[in-house]
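Each chain, letter by letter, is given below.
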Number of protein chains: 2
Amino acid sequence: MSDLLLIIVGAAVILALSYACFNFFMVKKMKEGTDRMQEIAGAIRIGANAFIRYEYKIVAIIGAVVAVILGVLISWQTGVSFILGATLSATAGFVGMKIATYSNVRVANQANETRDLGKTLKVAFKGGSVMGLCVAGFALLGIIIVYLVFGVALGQINDVIEGTVQNSIIFPALETSFTMTVSGYALGCSIIALFNRVGGGIYTKAADMGADLVGKTEAHIPEDDPRNPATIADNVGDNVGDVAGLGSDLLESYVGAIMSGVILACEMFLHGLAISAELLHTLLLFPIVFAGCGLLSCIIGISYIVLKRKLSSNVHMELNVATWISAAMSVILCFVISFFIFKDFPQEELGLLGFRLGNISPFLAAVFGIAAGILIGIASEYYTSYDYKPTKKIANSSKEGPALTITQGLATGMISCMIPVVILGVAIFGSYLVAGMYGVSCAALGMLSFVAATVAVDTYGPISDNAGGIAEMSKLDPEVREITDKLDSVGNTTAAIGKGFAIGSAALAALSLMNSYLYAFGGVDALGNILLNIVNPLTLVGALFGAALPFLFSGMLIEAVAKAARKMVDEVRRQFNEIPGLLAGEAMPDYKTCIEISSQGSLKEMRFPCVLAILFPIVSGFVFGAQFVGGLLIGATITAIMLALFCGNSGGAWDNAKKFIESGGVMGHGKGSPAHDASIVGDTVGDPLKDTVGPSLDILIKIMSTISLIAVVIFSQYNLFGVLGII
Amino acid sequence: MSDLLLIIVGAAVILALSYACFNFFMVKKMKEGTDRMQEIAGAIRIGANAFIRYEYKIVAIIGAVVAVILGVLISWQTGVSFILGATLSATAGFVGMKIATYSNVRVANQANETRDLGKTLKVAFKGGSVMGLCVAGFALLGIIIVYLVFGVALGQINDVIEGTVQNSIIFPALETSFTMTVSGYALGCSIIALFNRVGGGIYTKAADMGADLVGKTEAHIPEDDPRNPATIADNVGDNVGDVAGLGSDLLESYVGAIMSGVILACEMFLHGLAISAELLHTLLLFPIVFAGCGLLSCIIGISYIVLKRKLSSNVHMELNVATWISAAMSVILCFVISFFIFKDFPQEELGLLGFRLGNISPFLAAVFGIAAGILIGIASEYYTSYDYKPTKKIANSSKEGPALTITQGLATGMISCMIPVVILGVAIFGSYLVAGMYGVSCAALGMLSFVAATVAVDTYGPISDNAGGIAEMSKLDPEVREITDKLDSVGNTTAAIGKGFAIGSAALAALSLMNSYLYAFGGVDALGNILLNIVNPLTLVGALFGAALPFLFSGMLIEAVAKAARKMVDEVRRQFNEIPGLLAGEAMPDYKTCIEISSQGSLKEMRFPCVLAILFPIVSGFVFGAQFVGGLLIGATITAIMLALFCGNSGGAWDNAKKFIESGGVMGHGKGSPAHDASIVGDTVGDPLKDTVGPSLDILIKIMSTISLIAVVIFSQYNLFGVLGII
C-alpha cells in the first residue's frame, strides 16, 4: 500500500508544480498596460532580481561551507540533502518573487481596464497561487526524494530498523542514520528561510520606514507618491520581504512540521520503543501522505477561484471559500488516511506511542493543531483589528500624542500573549493526550496541511499592494487604486489567520524537534521517557541564555532596520534638497540609489544575526555540552513565542490604529491631525516588529533546534565541560 | 556559640533601629524654611500620608483574608508569621516615606541657607539612611522573632530534626513545619512589597506622565513649575513610589534571600539529606548571622557620611566610600563567619551539601553573588548612561523624530538582556559548583547583605529630587535647584548598581525557592536530587503559561499607568483652560484634585494585577497540580528576568538620551528642538517601563514562588487533574 500512497503524493506534487507553471505563464502573457507602468514595473523587477541574486550568492557561500562541514563531520547523505533542501527552498522563493513582479503590473492593468474587483482579484490570486503551489510542491518533492533515494534506495530506513548505522568519516565513533539525512534536508530549507526572512525583512522595512519618515511625516506627500525617491525601493521590498521571505518561511515551517514527525518516529524506535518495523514505516509515511493529500485539497481550493467564471465582489468571502475548501478537504482526507493507514495495528502497539484513541489518534491530534491555528489567528485578529477594543484604544490614545500611542500599543502587545499561549498549551496537551509526542508533530502538520492555499492568499496581498503602488506612480485613475486597496486590505485580514498558523506550527515543530534532540543524546529517564531536568544548574543556565537569545536577535534586527532606514532617510532628504523641482513634480527622483541603499544595508546587516542564530547553539554545545543546549533550546523557544506574539500583535495594532484614524474612526481627529501624526509614529515603530522581527523569530527557534539535533551527535561526546570533568 | 551569634544579630538590629530613630529626629528638628516651602511640603506630606493610609487599608483587608486562610488551612503559626511580615514591611515603608516627606523640604532649606553641596548631601543622606536602616532592621527583627519564637521556643526546628510535623486543622493529612512558618513570614513581606510597588509605581508614573504630557509637551513650561496642577501629585508620587515602594521591595528581597536559604536547608533535611542536626542548625543560622553582620557593616558605612565633619563636594565619591565600606566589611565578616561557623564539620558531611571547598564554600558563593550584582549594575550603566554608545545612539536617532527614538530604544533594551543574563548564569553556576543549591541562596544574600547602605543611597535620590521640586515651586534661587539636581543625578547613577542587585537577587532567590518547592512536593529523582522534567507536557504547558504571565502582568501595569495618566492629562488641560490667569502665573492651580486622581487611579488599577499574581499559581495548582505549577514558576521566572532587564534598561536609556540632548550632547539639536521633543516622547514611554513594570516583575516572581511553596502542600494532594486521573 505504501507504494500506492507515495504515488499519490508524487502525483500531487507533479500536479501542483504543473499547475503553478500553467498559472505562471497565464499571468505572464497578460498585458502590462501603459509605457509608464511597464517602466515602473521593470524598475521594481530589476531591483528585486538584483537583490535576490546578490543575496543568494552570499547564502550559497555560507551554504557550501555548511554542506561541506555536514558532509565531512556527519555523513555525505546529510550534506547532499542539505543542498537539496536549500536549493528547493531558494527556488520556491525565487519563482514566487518572479511571478509577483510579473503580476503586480498586470493586476494594476486589469483593474484599470475592467474596473472589476472580481476580475482583478483573479489575476492577483493566480499570481499568489504560483507561490503557494511552489512552496508545497517543492517542499514535498524534496521530501519524496529524500525518502525514496536515501531512505529506501540507499537503505537508510532499513538501517534504522535493523539498528545498523553508518559511521562518520572524521569521528568513526559517531552513529549517524536516516534522522541526520532528514534533518539535513530540513536545515537546508531553514537556512534559506532565515536569510530570506531576515534579509528581505530588513530590506522592506528599511525602505518602508525611510519612505514614510521623510515622505509622510516631513514632506506630507502620500504613500507611493512618485516624487518620493524611496518609493520604488519600498515596492521592491514588498516582493523580496513579503513574497520571497514569506514563501521560504512557510516552506521551512511545512518541511519542519513533516520532518519533525519523521525524525521523532525514527528516534523513538532507535531508542528502544518496542513497535514493529511496519508501524515505524507507517509512522514515517503518515506525515508525507497527509501533506500530499493536503496539497491535493489545495489544488481544488485554489481552482475554485482560478476557474470560477465570475467572482463576486465580496473578495473576503471568495478567499474564505477557497481556504475553507482546502482546509475542510484536508481534514477529511486526514481522517481517511489516519483511519486506514493505522487500521491494522493492534491497540496495544499503538498504545506504546501514546495513541489513546486507536487509529484515529493522529487525526484527532491534527484537528487540535488546526483548531489552535484558527483560534490563535482569531485572537490576533481581536488584538489587531480596529473592529475591536484594543486597537480602538490605541487610536484614541493618539489624541494625547505619540507617547501614549506607543505606551498603549506596548501594553496591548504584552497582554495579547496570554490567550494564544493558552490555546497553544491546550493544543500541545490535547494532541499529546490523544497521540503522544508524535501527536504534537501531527498537530503542527495539521496547521500547515493546507499551506498552499494560505500562502496563495498571503501572497496575493503584497501583489495587490504593489499593484496599488504602480497605479499611484503611473498616475492611473484613483478608482484603480481603490480596487487594489480593497484587495490589499482583505489580504491583511486573512493574513492574520496565516500568522496564527505560522507561529503555532513553529512552536509545535520546535517542541517536537526538541524531543528528538533529547532522544538523540540520551536525555531519557530509567523508563526510556525523555527527560530534561530544568533545575539541573547547567540546563537552567542554558535556559537563561536561551531566553536572552531571542531578545538579542530581535534587538539586532530592529537596530539593523533602523540603521538602514536612517541611511535611506538621509538619501531621500538629500534628493529633496538637491534635485530642483522634485517636490513640485517637475523632476524625476533618483530611484536607483535608494534601491542600492536598501540592498547594501540589508545584505550587510543580515549577516551577523543569522550567523549568531546558527553558531550560538553549536558553539555552546561544544563548550558546555548537550544538557546546556537542551536548556538553551527550551528557553529560546519559550521566549521566542512570546516575543513573536508581542511583536506581531503590537505592530499589527499600531498599523490598524493608524488606519482607524484615517477612516475617521476617532471623532474630530482625522487624516492630517496631530492624532494621525502620533498614530503614524506608532505604525512606523511597529513596522519592523511585525514584519521583520516576528516572522524571523519563528525561524530562529526551528533552525536552532534542527542544527542542535544534527550537532548533538558530536558535541554530546566531545565538549569542553565534559573533557574538564566539570559536570 | 549559636546564642552568642544571635545576640550579635539582635544587637545589630537594636543598634540599627535606634540609629534610624536618632537620624529621624535629628532631621525632623531641622528648620523647614519659608512659609511657602512649608506650605508645599505640607501638601506633599498630606498627599503621601493620605495615599499610603488608604492603600494600607485595602492591603489590610486582603492581608487579613490571606492570614485567615493560611491560619486555617496550613497552620496558625504560618498565619501569625504572615501578619508579622506584613506589619514589619508596612512599617518600614511607612517610616521611610514619613522621613522622606520631612527631609525633602529640609534639604531644600539647607541648600538655600548654606549653598554647600556636602552639607546638603548630609541632610539628604541622613533621611535616606533612616529608610535603609529600617529596611534591614525591621526585616531582621522579624526573622529573629520567627526563629526564636516559632523555631526555638515553639520547637518547630526540633520538629524538623525529629521528623515530627504538625497537622493542619482542615486537612489533617497535611504535614506542615518550620518551612511553612518561615514562608508565611516571607509572604507577608512580599504582599506589602507587591502592593507598595505596584500602587506606588502607578501613582508616581501617572502623575509624572500627566504632568509632562501637558506641561512640558503642550504648555512648554519646565518641570516642577508651580503653574502645573499635577506637580504636587508628581512629588507625592516620588515619595510613595520611589521611597515607600522601593523600601518594601528591597525589604522583601532581603527577607527572600535570607529565608530561601533557611527553607532550602529545612527541605533538604526533611527529604533525606544525611547531615547532622548540628549542621542543619548551622545552615539555618548562617544566613541570619551573615545578614546581621552585613547590617553592622552598613551602620559603619552610613556613619562615614553622617559623622564626617566636612563632606567633600565630590558627592559620587563620598557615596561610593560609604557603600564600599559597607560592602567590604560585609565580605570580610562573611568570610570570618563562614570560616568559623562551618569549621568543625568534616568535609564528607559538607560534601553532601555540595560544599566542594569546605567551610569557606558559602563565603565563595556569596562572593559570586556580590560580583554578579556589581557587574550587572555596570552592564546596566553601560546601556543606560549617556557616557556610552547605546544611549548616545538613541539620542542621535531622535534627530529623525520620535519613531526612531522609540525603535532604537526598544532595540537597545532587547540587546541589553544578554550580558546581565550571562553574568547571572555564571553566578548561578559558580555558586552552585562551590556550595550546591544552598550556595545559590548564599549568592542572593551576598548581593543584599549590605542592603541598608544601598537603600540609603537609593532613597536619598528621590529626597533630593523632591527638594528640587520644592525649591522650584517656592521660587528659591536657581542655585538651590542646581545643588539638588546634582545630588539627584548622582543618585541616579548609583541607583543603577542598586537595580543590578535587585534583579539579580530576585532571580537567585526565586530559583532557590523553586528548589524548595520541588522538595516540598517530592519532585525528586531516584537519587533524591530535585527534578523538574520540562518536557513533561503538563510542565511544558505550565512553562508556556508562566512565560506569558509576566507579559500579561506588565501589559496590565502599563495600561493602568496610561489610563491614570490620561485622566490626569484631561484634568490638567481642564485647569489650564478653566482657571483664568493660571498659565500667566496669576492664579493658583487646584493641586488637590490632581492628587486625588492619582490616588484613586492607582488604588483602583493596582488591584487586578496584584490579585492575578497571587491567585494564578494557586488556582492553576488546584486545577492542574504541582508539576504544572513547577513549569509555571520556571517559565515566569525566566521571562520576568528578561522583561525586567528590557524594561529597566530601555526606560533608563530613553531617560538619559533626553538628558544627553538637554546637556547639548547632540550638535545642533538642543533643548526645545524637535529632536528634544522626540526624546521626551522616549522618556515618557520609558517612565512606566523602568519605574513601574521593571521593579514589580522582581516581586512578581518571588511572590509566586513563595505562595506556591506554601500552597503546594495542599494542591499536590488535592487537584482536579489528579482527581480526574488525567495525568
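Residues numbered from 1 in each chain as written. Chains lettered and ligands numbered in written order. Predicted model: local features only at pLDDT ≥ 70, side-chain atom pairs only at ≥ 80, totals over all residues. Heavy atoms only, no water.

1. Things to note about the overall build of chain A
Link 1 in the chain: Counting its secondary structure elements, chain A contains 21 helices and two strands.
Link 2 in the chain: Scaling as 2.2 N^0.38, a compact globule of 727 residues should have a C-alpha radius of gyration of about 27 Å, and chain A matches this with 25 Å.
Link 3 in the chain: Projecting the C-alpha coordinates of chain A onto the three principal axes gives extents of approximately 75 × 60 × 45 Å.
Link 4 in the chain: Counting only residues that meet the buried cut, chain A has 69% of its 727 residues in that class.
Link 5 in the chain: Counting only contacts in chain A whose residues sit at least 6 apart along the sequence, the fraction spanning at least 24 positions is 85%.
Link 6 in the chain: In the form shown here, chain A has an accessible surface area of approximately 21,700 Å², with 64% of it arising from carbon and sulfur atoms.
Link 7 in the chain: The positive charge centre, built from 43 side chains, and the negative charge centre, built from 54, are 6 Å apart in chain A. (Helix = DSSP H or I, 4+ residues; strand = E, 2+ residues; numbered from the N terminus. Rg over C-alpha atoms; globule rule 2.2 N^0.38 Å. Buried < 20%, exposed > 50% of the residue type's maximum accessible area, 1.4 Å probe, protein only. Contact = heavy atoms within 4.5 Å. Areas by Shrake-Rupley, 256 points an atom, 1.4 Å probe, with all protein chains shown as cover. Lys, Arg positive; Asp, Glu negative; His and termini not counted. Charge placed at Lys NZ, Arg CZ, Asp CG, Glu CD.)

2. As for the relation of the copies chain B and chain A
Link 1 in the chain: Mapping chain B onto chain A calls for a rotation angle of 180 degrees and an axial translation of 0.0 Å; the resulting RMSD is 0.0 Å. Taken together, the rotation angle and the small translation identify this as a two-fold axis. Taking C-alpha positions as reference, the residue of chain B nearest the rotation axis is Asn533(B), located at 2.4 Å. (Least-squares fit on C-alpha atoms with pLDDT ≥ 70 in both.)

3. Focus: unusual backbone geometry
Link 1 in the chain: Its identity is not glycine, yet Lys475(A) carries a phi of approximately 55 degrees, on the positive side.
Link 2 in the chain: You can call Lys475(A) exposed: its relative accessible area is 66%.
Link 3 in the chain: Even without glycine at this site, Arg115(B) takes up a positive phi of about 50 degrees.

4. Focus: the packing of helix H7 (residues 231-270) of chain B against helix H18 (residues 591-624) of chain B
Residues and elements named next belong to chain B.
Link 1 in the chain: In contact at an axis separation of 7 Å, H7 and H18 are set at 45 degrees when each is read in the N-to-C sense. When the axes of H7 and H18 are compared, the pair comes out oblique. In this structure, H7 crosses over H18, and the sense of that crossing is right-handed. In this structure, H7 uses Thr 231, Ile 232, Ala 233 and Val 236 to contact H18, whose residues at the interface are Tyr 591, Cys 594 and Ile 595. (Axes fitted to C-alpha atoms, helices over the stretch in contact; angles between N-to-C directions. Parallel < 35°, antiparallel > 145°, perpendicular 65-115°, else oblique. Left-handed = near helix turned anticlockwise from the far one by under 90°.)

5. Comments concerning the interface of chain B and chain A
Link 1 in the chain: Between chain B and chain A, the residue contacts involve 73 residues of the former and 73 residues of the latter.
Link 2 in the chain: Together, the buried faces of chain B and chain A total about 6,600 Å²; carbon and sulfur atoms form 82% of this surface.
Link 3 in the chain: If you sort the residues of chain B by the area they bury against chain A, Met414(B), Leu544(B) and Phe551(B) come out on top, with a joint share of 11%.
Link 4 in the chain: At the boundary of chain B and chain A, one finds four salt bridges.
Link 5 in the chain: On inspection of chain B and its partner chain A, the count reaches 16 residue pairs in polar contact (both at pLDDT 80 or more).
Link 6 in the chain: Grouping the amino acids of the side of chain B that touches chain A by side-chain chemistry returns 55 nonpolar, ten polar and eight charged. (Buried area = accessible area lost by both parts, 1.4 Å probe. Salt bridge = Lys/Arg side-chain N within 4 Å of Asp/Glu carboxyl O. Polar contact = N/O pair within 3.5 Å; in protein donor to acceptor, adjacent residues only side chain to side chain. Nonpolar A, V, L, I, M, F, W, Y, C, P; charged D, E, K, R; others polar.)

6. Quick word on the nonpolar core
Link 1 in the chain: Grouped together as the largest cluster of nonpolar side chains are 568 residues, with contacts concentrated most on Phe178(A), Tyr517(A), Ile634(A), Phe178(B), Tyr517(B) and Ile634(B).
Link 2 in the chain: Every residue in contact with Tyr517(A), bar those within four places of it in the chain, is listed here: Ala626(A), Val629(A), Gly630(A), Leu633(A), Ser708(A), Leu709(A), Val712(A) and Phe715(A). (Core = buried A, V, L, I, M, F, W, Y, C linked by side-chain atoms within 4.5 Å.)

7. Examining the pattern of salt bridges
Residues and elements named next belong to chain A.
Link 1 in the chain: Following the criterion strictly, the structure yields 52 salt bridges over all chains and no others.
Link 2 in the chain: Arg 106 is the salt-bridge partner of Glu 32, the closest N and O atoms lying 3.8 Å from each other. On the criterion of sequence distance, the pair formed by Glu 32 in the loop between helix H1 (2-28) and helix H2 (35-74) and Arg 106 in helix H3 (residues 76-114) is long-range, its members being 74 residues apart. In this pair, the class of Glu 32 matches that of Arg 106, namely buried.
Link 3 in the chain: Here Asp 485 makes a salt bridge to Arg 481, at a shortest N to O gap of 3.1 Å. Of this pair, Asp 485 and Arg 481 both sit in helix H16 (residues 478-521), separated by four residues, roughly a single helical turn.
Link 4 in the chain: Residue class for Asp 485 comes out partly exposed when judged on its relative accessible area of 35%.
Link 5 in the chain: By relative accessible area, which is 17% here, Arg 481 ends up buried.
Link 6 in the chain: Ionic contacts of the salt-bridge type, sharing partners, join the residues Lys 205, Asp 208, Asp 655, Lys 659, Asp 687, Lys 690 and Asp 691 into one network.

8. Some points on the confidence of the model for chain A
All names here are of chain A.
Link 1 in the chain: Of all residues in chain A, 99% have pLDDT values of 70 or greater, and the mean over the chain is 90.
Link 2 in the chain: Per-element mean pLDDT across chain A ranges from 70 in strand S2 (residues 175-176) up to 95 in helix H13 (residues 402-415).
Link 3 in the chain: Model confidence for the complex: the whole-complex pTM is 0.94, and ipTM, which rates the interface, is 0.94. (pLDDT = per-residue confidence, 0-100.)

9. Some points on helix H17 (residues 537-578) of chain A
Residues and elements named next belong to chain A.
Link 1 in the chain: With 42 residues, H17 should reach 62 Å at 1.5 Å per residue; the first-to-last C-alpha distance of 61 Å fits that figure.
Link 2 in the chain: Counting buried positions along H17 yields 35 of 42 residues, so the element is predominantly enclosed.
Link 3 in the chain: Between the side-chain oxygen at the start of H17 and the backbone nitrogen of Leu 538 there is a gap of 2.8 Å, and the oxygen is on Asn 536. (Expected span 1.5 Å × (residues − 1).)

10. A word on the packing of aromatic side chains
Pairs of aromatic rings are described using the distance from one ring centre to the other and the angle between the two planes.
Residue and element names in this part refer to chain B.
Link 1 in the chain: Scanning the model with the defined rule gives 44 aromatic pairs over all chains in all.
Link 2 in the chain: Ring geometry for Phe 24 versus Tyr 102: centroids 5.9 Å apart, planes at 85 degrees, classification edge-to-face. Here the residue Phe 24 occupies a position in helix H1 (residues 2-28), and Tyr 102 occupies one in helix H3 (residues 76-114), the gap between them amounting to 78 residues.
Link 3 in the chain: Look at Tyr 102 and you get buried, because its relative accessible area is 12%.
Link 4 in the chain: Each ring, one from Phe 624 and one from Phe 628, has its centre 4.4 Å from the other, and the planes form 35 degrees; the classification is tilted.
Link 5 in the chain: Taking relative accessible area as the criterion, Phe 624 reaches 24% and is therefore assigned partly exposed.
Link 6 in the chain: Residue class for Phe 628 comes out buried when judged on its relative accessible area of 1%. (Phe/Tyr/Trp six-rings, centres within 6.5 Å; stacked < 30°, edge-to-face > 60°.)

11. Here we look at the side chain of Thr78(B)
Residue and element names in this part refer to chain B.
Link 1 in the chain: As for its placement among the helices and strands, Thr 78 is situated in helix H3.
Link 2 in the chain: For Thr 78, a relative accessible area of 0% translates into the label buried.
Link 3 in the chain: Reaching out from Thr 78, the side chain makes a polar contact with the side chain of Ser 75 at a distance of 2.7 Å.
Link 4 in the chain: Residue contacts for Thr 78: discarding those within four places in its chain leaves Leu 70, Met 180, Thr 181 and Gly 184.

12. Quick word on the packing of helix H2 (residues 35-74) of chain B against helix H20 (residues 674-715) of chain B
All names here are of chain B.
Link 1 in the chain: Their axes nearest at 11 Å, the elements H2 and H20 cross at an angle of 40 degrees. In terms of axis orientation, H2 runs oblique to H20. As for how H2 packs across H20, the hand of that crossing is left-handed. Two secondary-structure elements touch here, H2 through Leu 70, Leu 73 and Ile 74 and H20 through Ile 710, Val 713 and Ile 714.
Link 2 in the chain: Partitioning the contact of H2 with H20 into residue classes produces six nonpolar, no polar and no charged.

13. Section: a nonpolar patch on the surface
Residues and elements named next belong to chain A.
Link 1 in the chain: A cluster of nonpolar side chains, Trp 76, Val 80, Ile 145, Leu 148, Val 149, Val 152 and Leu 154, forms an exposed patch at the surface whose accessible area comes to about 560 Å².
Link 2 in the chain: Those elements giving two or more residues to the nonpolar patch turn out to be H3 and helix H4 (117-153).
Link 3 in the chain: Top contributing element to the nonpolar patch by residue count: H4, with four residues.
Link 4 in the chain: Its place among the elements puts Leu 154 in the loop between H4 and helix H5 (156-162).
Link 5 in the chain: The exposure class of Leu 154 is partly exposed, given its relative accessible area of 42%. (Patch = residues over 30% accessible without salt bridge, like charges linked within 9 Å, V, L, I, M, F, W, Y side chains within 5 Å.)

14. Some words on H7(B)
All names here are of chain B.
Link 1 in the chain: Look at H7: 55 Å from first C-alpha to last across 40 residues, which is about the 58 Å you get at 1.5 Å a residue.
Link 2 in the chain: Roughly 25 degrees is the biggest bend found in H7, and it falls at Gly 245.
Link 3 in the chain: With 38 of its 40 residues buried, H7 lies for the most part within the structure.
Link 4 in the chain: Residue Gly 272 follows H7 closely and has a positive phi angle near 95 degrees. (Bend = angle between axes of the 7 residues up to and from the residue.)

15. Considering the environment of Leu154(B)
Link 1 in the chain: Taking the C-alpha atoms as reference points, Leu154(B) and Gly184(B), 30 residues apart in sequence, are found 16 Å from one another.
Link 2 in the chain: Those residues within four positions of Leu154(B) in sequence are excluded, and the remaining contacts are Trp76(B) and Val149(B).

16. Details of the environment of Leu333(B)
Residue and element names in this part refer to chain B.
Link 1 in the chain: Among the structural elements, Leu 333 can be located in helix H9 (residues 315-341).
Link 2 in the chain: It is 7.6 Å that separates the C-alpha atoms of Leu 333 and Phe 290, two residues lying 43 residues apart in sequence.
Link 3 in the chain: In this view, Leu 333 contacts Cys 293 and Ser 297; residues no more than four positions away in its chain are not counted.

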